[in-house]
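Here is what each chain is made of, one letter per residue.
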There are 2 protein chains.
Amino acid sequence: MLPPVAEQLEQIQHGTQEVLPLKELEAKLEASVKENRPLRIKMGFDPSAPDIHLGHAVGLRKLKTFQDLGHQIVLIVGDYTGMVGDPTGRKETRPRLTREQVDANAQTYLDQFFKVLDPDKCEVRRNGEWFGKMHFDEVMGLAARFTVARMLERDDFEKRYKAGEPISIHEFFYPIMQGYDSVVIKSDVELGGTEQKFNLLVGRTLQEAHSQPPQVILTLPILEGIDGVQRMSKSLGNYIGVTEAPRDMFGKVMSIPDNMIVRYFKLATTMHPKEVQEIEAKLKAGENPRHIKATLGKAIVAMYHDEEAAEQASEEFNRMFKGGQAPDDMPEFELEADGAGLWIIRAVTGAGLVKSNGEARRMIKQRAVRVDGE
Amino acid sequence: MLPPVAEQLEQIQHGTQEVLPLKELEAKLEASVKENRPLRIKMGFDPSAPDIHLGHAVGLRKLKTFQDLGHQIVLIVGDYTGMVGDPTGRKETRPRLTREQVDANAQTYLDQFFKVLDPDKCEVRRNGEWFGKMHFDEVMGLAARFTVARMLERDDFEKRYKAGEPISIHEFFYPIMQGYDSVVIKSDVELGGTEQKFNLLVGRTLQEAHSQPPQVILTLPILEGIDGVQRMSKSLGNYIGVTEAPRDMFGKVMSIPDNMIVRYFKLATTMHPKEVQEIEAKLKAGENPRHIKATLGKAIVAMYHDEEAAEQASEEFNRMFKGGQAPDDMPEFELEADGAGLWIIRAVTGAGLVKSNGEARRMIKQRAVRVDGE
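Computed from a predicted model, the values in this text were never measured in an experiment.

Draft legend 1. Broad picture of the relation of the copies chain A and chain B. Superposing chain A onto chain B takes a rotation of 179° plus a shift of 0.0 Å along the axis, which leaves an RMSD of 0.1 Å. Such a combination of rotation and displacement between the chain copies is what one expects of a two-fold axis. Minimal C-alpha distance to the rotation axis in chain A is attained by His135 of chain A, lying at 2.4 Å. Mapped onto chain B, 100% of the interface residues of chain A are again interface residues, and the two copies thus contact each other with one and the same surface.

Shown next as structure tokens:
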């Protein structure tokens, strides 16, 4: 028995960016409750790197909401799409992956999805299942539904085209493939990041072309990476992977800029909105952001590992960067001093403790670095 | 034994628009003579209508030159391409043909090619042979070689894009398919109309991507249709088909504007350049263009039928439009007179003797129309 429509709508809309068209979602939910027929909720993943991160988890947590409400989750592993390469949000053409790379990534992905979702209530489909069989004329049949002008309306394509940066023709097929996935699995709702809006709408066009009721699209905010500037992304390297060790996970959370703290609570934890509001108030009242980041770090580690691991990671971090004691297995690193002596930022970066000079500066500012105990 | 390079070059370049790059053609011919290995000369046809016309024959006659020089002609019947629809030179997206339409057209085409070429010395390939087996990822592999910007550089795409007219994505695949045909058949030289230059160059790109020496491209002038304005084209209806009856063929030639006479001699007959020059001189000296058109009409009918048919067609035309005698099987046509009496131009057009009021006017001006013998 599915919950009443109003209750479902409240949970579904919480923390989402956009639901388009909202009226259609209402109608779909009403029909679903009336016929006691779960909706088919689609989300796709492009297995372009072997692990998923907190950015993906924003969507996974929303899928969990749908799953808990009683709807049917359909996960599309874009194994075939991965070989084409998603250009979304990237300035350059992404290199195409081999089938072997994609297959290996896909399996790792699935293992990670199920840290959040109940695997027994998920339909998992790889789009190679239908694209692998598709012939040239069918590809052209899909391509014929879209004009070059419409594709170039997509924000990133438009920017690249105007800037004179190359867009390969095969890149146009990423949204088309994603859209055709919706036709094959007959999706009622598709979830994606805000940047996916164009691609999600392509699905509506192709479903209508195939005489199907078009899917409702639901976009989710994009989580910034630990640099606090660019979206969290495997390819940009600014991510926190869901399989990372508690210590690494905690340390990465501690490295985010302060203005990201509330956003991470909202999008990367399951914390209740009221609690998040309290935290926001504390920050404004002047509480040390580092304490609050530690709470965030523990909450995140606890989600993907457990409470104990979270506590340990926090303690070790304190010992290392605050308590002045060396961690259990402190690594050693030799630096070559050049004529000008040893520049401390370069020392921290060079030792691999942080990824960039900017991060090093932040750590030093936060008094996380000591030279000979001082 | 292939003729000397200089002799070949002279014949090949006669009446062509462009040979690109000429140096590469020389090198290919030299290697060909040295190794006594014929070059592979490619020309493709899109069987979008069931018959070919004098416009196509411009290329076929050039292929005949290569064939007579001893090279290997490879005719590509674009049966698969036809299903995509060639947008070249058209303002609108051409409708895609069904396989049945394309297959039927293709066979009729071949029958007509061999009115000009020796079938025993032609390799005929249908590109469905390779595209019919091609899968999505291979299609993407080809598409990845070209940028959207490069495609939009093509003259007609650029115009349509700038004018805000829709270009379907599948249209980009026409040049790509044509280019890949060159890879499969390993062409040394590809012939095409001047408007085909972009497509022919795509073949070079794909051959290089497949580690083949790129083909030389040879473009031929475009023959205008019987309207003397737009290119001769099946879809525009301004063509003279190579299978048309002698009388129709002759009549259509007689309907071309006078400023097209010399051009038709050059591109649609096998008349020697010297003879064409003499005709040009006669026209300038004031000789009645209708006499010269009759010579042209007879030359063309003789090419596709025989001398006797040409003579008969000419005599019948004279009887009908000049001699004042009724033709053997004169058709009758009843016209409804309206209040204003009978407008002579409308009578000639309405009877189906000519296709347009403009043509009717020309015929009347040339004294080809009589009312009750006057």
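Draft legend 2. Summary view of the sheet that holds strand E6 (residues 216-220) of chain A. All names here are of chain A. One open sheet holds the six strands; their spatial order is E1-E6-E5-E2-E3-E4, and the pairing between them is mixed. Looking at which strands have only one partner, the edges of the open sheet turn out to be strand E1 (18-20) and strand E4 (122-126). Between one strand axis and the next, the sheet turns through 20° on average, direction left out of account. Inspection of the sheet shows strand E5 (residues 189-193) paired to E6 by five bridges, in the parallel sense. Residue Leu191 lies in a different strand from E6, and its bridge partner there is Leu218. Those strands touched by helix H3 (residues 54-69) are strand E2 (40-45), strand E3 (72-77), E4, E5 and E6, and its axis lies near 165° from that of E2.

Draft legend 3. Local environment of the packing of aromatic side chains. For the coordinates displayed, the defined rule picks out 24 aromatic pairs over all chains. Ring centres 6.4 Å apart and planes at 70° place the aromatic pair Phe45 of chain A and Tyr109 of chain A in the edge-to-face group. Of this pair, Phe45 of chain A sits in strand E2 while Tyr109 of chain A is found in helix H5 (residues 99-113), placing the two residues 64 residues apart along the sequence. Like Tyr109 of chain A, Phe45 of chain A is buried. Every member of this aromatic cluster is reached through a ring pair, and the members are Tyr80, Trp130, Phe131, Phe136, Phe173 and Tyr180 of chain A together with Tyr80, Trp130, Phe131, Phe136, Phe173 and Tyr180 of chain B. If you follow Arg150 of chain A out to its NZ or CZ, it ends over the ring of Phe198 of chain A, 6.0 Å from the centre. In this structure, Lys252 of chain B packs its charged tip against the face of Tyr239 of chain B, placed 4.9 Å from the ring centre.

Draft legend 4. Molecular detail of the pairing of E6 of chain A. Residue and element names in this part refer to chain A. The element E6 is largely enclosed, with a buried count of five among its five residues. On E6, burial covers both faces: Val216, Leu218 and Leu220 on one face and Ile217 and Thr219 on the other are all buried. Both E1 and E6 contribute to a ladder of three bridges, which runs antiparallel. Within the sheet, the bridge partner assigned to Val19 lies in E6 and is Leu218. A crossover connection joins E5 to the parallel E6 through helix H11 (residues 197-209); in handedness this β-α-β unit is right-handed.

Draft legend 5. Spatial organisation of the packing of helix H10 (residues 173-185) of chain B against helix H11 (residues 197-209) of chain B. Residue and element names in this part refer to chain B. Across the interface, H10 lies against H11 with an axial gap of 7 Å and an inter-helix angle of 50°. When the axes of H10 and H11 are compared, the pair comes out oblique. Relative to H11, the crossing made by H10 is right-handed. Across from Tyr174, Pro175, Ile176, Gln178, Gly179, Tyr180, Ser182 and Val183 in H10, the residues of H11 making contact are Phe198, Asn199, Leu200, Val202, Gly203, Leu206 and Gln207. In terms of residue class, the contact of H10 with H11 is built from nine nonpolar, six polar and no charged.

Draft legend 6. Representation of the interface of chain A and chain B. Counting residues at the interface gives 31 residues for chain A and 31 residues for chain B. Each partner contributes to the roughly 2,800 Å² buried at the junction of chain A and chain B, and carbon and sulfur atoms together form 75% of this total. At the junction of chain A and chain B, the tally comes to zero salt bridges. Linking chain A with chain B are twelve residue pairs in polar contact (both at pLDDT 80 or more), by the criterion used here. Those elements that provide at least two residues to the side of chain A that touches chain B are helix H4 (79-84), helix H7 (136-143), helix H8 (148-152) and helix H10 (173-185) of chain A. For the side of chain A that touches chain B, the element with the highest residue contribution is H7 of chain A, accounting for six residues. For the side of chain A that touches chain B, the residue count by class is 22 nonpolar, six polar and three charged.

Draft legend 7. A look at the pairing of strand E3 (residues 72-77) of chain B. Residue and element names in this part refer to chain B. Burial runs high along E3: five of the six residues are buried. As judged from the six bridges shared by strand E2 (residues 40-45) and E3, these two strands associate in the parallel manner. Counted as the bridge partner of Phe45 is Val77 from E3. In terms of strand pairing, E3 meets strand E4 (residues 122-126) through five bridges, oriented parallel.

Draft legend 8. Structural detail: the sheet that holds E2 of chain B. All names here are of chain B. Taken in spatial order, the six strands line up as E1-E6-E5-E2-E3-E4 in an open sheet, and their pairing is mixed. Each end of this open sheet is capped by a strand with a single partner; those strands are strand E1 (18-20) and E4. Each strand of the sheet is rotated relative to its neighbour by a mean of 20°, with strand direction disregarded. Sheet strands touched by helix H5 (residues 99-113): E2, E3 and E4. Its angle to E4, the strand with the most contacts, is close to 170°. Its contacts with the sheet place H10 against E2, E3, E4 and strand E5 (189-193), and it is angled at close to 145° to E2.

Draft legend 9. Fine view of helix H2 (residues 22-35) of chain A. All names here are of chain A. In this model H2 runs 20 Å from its N-terminal to its C-terminal C-alpha over 14 residues, within 8% of the 20 Å that 1.5 Å per residue would give. If you follow the buried residues of H2, they end up packed against helix H1 (5-13), E1, E5 and E6. Looking one or two residues beyond H2, the residue adopting positive phi is Asn36, at roughly 50°.

Draft legend 10. Main features of the pattern of salt bridges. Tallying each qualifying case throughout the model produces 40 salt bridges over all chains. In this structure, Glu158 of chain A engages Lys162 of chain A in a salt bridge whose closest nitrogen and oxygen atoms are separated by 3.1 Å. Highlighted residues: Glu158 of chain A and Lys162 of chain A, both in helix H9 (residues 155-162), separated by four residues, approximately one helical turn. Of the residues examined, Lys162 of chain A reaches a relative accessible area of 67% and is grouped as exposed. Two residues, Lys64 of chain B and Asp68 of chain B, come together in a salt bridge whose shortest N-O distance is 3.1 Å. A residue pair is termed a helical-turn pair when its members lie 3 or 4 positions apart in one helix, as Lys64 of chain B and Asp68 of chain B do in helix H3 (residues 54-69) at four residues. Looking at Lys64 of chain B, the relative accessible area reads 27%, which means it is partly exposed. Since its relative accessible area comes to 56%, Asp68 of chain B is described here as exposed. Each of Arg40, Glu123, Arg125 and Glu129 of chain A takes part in salt bridges that share partners, so that together they form one network.

Parameters at a glance
Numbers given to residues run from 1 along each chain, matching the order in which its sequence is written. The naming scheme follows written order: chains are lettered A onward, ligands numbered 1 onward. Since the coordinates come from a predicted model, pLDDT governs what is reported: local features require at least 70, and pairs of side-chain atoms require 80 or more to be given and counted, while whole-chain, interface and lining totals use all residues. Note that water and hydrogens are dropped before the side-chain values are worked out from all heavy atoms of the structure. The copies are overlaid by a least-squares fit using only the C-alpha atoms of residues whose pLDDT is at least 70 in both copies. Should any heavy atoms of two residues lie within 4.5 Å, those residues are counted as being in contact. Between any two strands, pairing holds if DSSP finds at least two bridges. The secondary structure listing takes helices from DSSP runs of H or I that are at least 4 residues long and strands from runs of E that are at least 2 residues long, numbered from the N terminus. Note on geometry: axes are lines fitted to C-alpha atoms, helical ones only across the stretch in contact, with angles between N-to-C directions running from 0 to 180 degrees. In summary, the pairing rule links any two rings of Phe, Tyr or Trp, Trp by its six-membered ring, whose centres are within 6.5 Å, and it sorts them by plane angle into stacked for under 30 degrees, edge-to-face for over 60 and tilted for everything else. Per-residue accessibility, obtained with a 1.4 Å probe over protein chains only, is compared with the maximum for each type, and a residue is labelled buried under 20%, exposed over 50%, and partly exposed between these values. Think of it as a cone above the ring: NZ of Lys or CZ of Arg counts as a charge over the ring if it is within 6 Å of the ring centre and within 35 degrees of the ring normal. Think of it like this: strands point away, you trace from the first strand over the helix to the second, and a clockwise trace means the crossover is right-handed. Geometric relationships in this document are graded by angle, where less than 35 degrees denotes roughly parallel, more than 145 denotes roughly antiparallel, 65 to 115 denotes roughly perpendicular, and other angles denote oblique. Working rule for handedness: look at the near helix, and if it is turned counterclockwise from the far one by less than a right angle, call the crossing left-handed; if clockwise, right-handed. All residues other than Ala, Val, Leu, Ile, Met, Phe, Trp, Tyr, Cys, Pro, Asp, Glu, Lys and Arg, Gly among them, are scored as polar; the first ten of these are nonpolar and the last four charged. Values labelled buried area give the accessible surface lost by two parts on being combined, using a 1.4 Å probe and summing over both. One side-chain nitrogen of Lys or Arg within 4 Å of one carboxyl oxygen of Asp or Glu is enough to make a salt bridge. Two N or O atoms count as a polar contact when they lie within 3.5 Å, although within protein this holds only if one can serve as hydrogen donor and the other as acceptor, and sequence-adjacent residues are included solely when both atoms are side-chain atoms. Every helix has an expected span of 1.5 Å times one less than the residues it contains.

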